[in-house]
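Observations on the three-dimensional arrangement
Residues per chain, in single letters:
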Amino acid sequence: MSVCTFIASDFPLTEFAPVRDDPFEINPEQGTIYDGGADDNFFLHFFPDVQSYTDRNYGVCLEWNYTEGRAKQVIEYMKNVLQNTTSIELWHVWLTDFYEFEDRPVIHRKMVSIDELTAKHIREIDEAEIWNTPDKMYPDRPSFYCLEIKRS
């Protein structure tokens, strides 16, 4: 299982890949990831499990290391999507098959208009802590985060 940040929509989404082939190196022994630092070095892949987390029909999963430049490009992507729908969602979740009642996630929701959306909003969602034991009665419950972005 792992953490996933994805965009959900009622309108079909398109995948995105960088035009050039930048380096991508993972060194698990040192705990480092190197991706060349280019602002367009990120991917949006189709996310087939989107309906396990939201009532939206379409999703793309972000594969990236956050940078402000990349976040600004994701915001531009979202602006384009919002030309065809009234709202989209940006989620940060723990991927899993299902939850029992006692360990279902706590969902934290916020809303912002696309005109107010900043790279800081994207960063907050992308870096949000999933396993922060938010509930004293059920300390093993994860936190999921959803930022709904509305068309202006």
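Not measured: the values here are computed from a predicted model. Counting starts from 1 at the beginning of each chain's written sequence and moves along it residue by residue. Owing to the predicted nature of the model, reporting of local features is limited to residues with pLDDT of at least 70; listing and counting of side-chain atom pairs is limited to 80 or more, with chain, interface and lining totals taken over all residues. The side-chain values count all of the structure's non-hydrogen atoms but skip hydrogen atoms and water molecules.

Our focus in this paragraph is the sheet that holds strand β1 (residues 3–9). Pairs of strands are assigned from DSSP output, requiring at least two bridges between the strands. We count a stretch as a helix when DSSP gives it H or I for four or more residues in a row; a strand needs E for two or more, and each element gets its number in order from the N terminus. In space, the six strands of this open sheet follow the order β4-β5-β1-β6-β8-β7, with mixed pairing throughout. Strands with a single pairing partner mark the edges of an open sheet, and in this sheet they are β4 (43–46) and β7 (106–113). Between one strand axis and the next, the sheet turns by 25° as a mean value, whatever way the strands run. In terms of strand pairing, β1 meets strand β5 (residues 58–63) through four bridges, oriented antiparallel. Pairing of A8 across the sheet is with G59, part of β5. We call two residues contacting when some pair of their heavy atoms lies within 4.5 Å. Whenever a helix is involved, its axis is fitted only over the stretch in contact; in every case the axis is a line through C-alpha atoms, and angles between N-to-C directions fall within 0 to 180 degrees. Sheet strands touched by helix α2 (residues 119–126): β1, β6 (87–94), β7 and β8 (143–150). Its angle to β6, the strand with the most contacts, is close to 30°.

All right, on to the environment of T118 then. Tracing the chain through its elements places T118 in the loop between β7 and α2. Spatially, the C-alpha atom of T118 lies 7.7 Å from that of I75, the residues being 43 residues apart in sequence.

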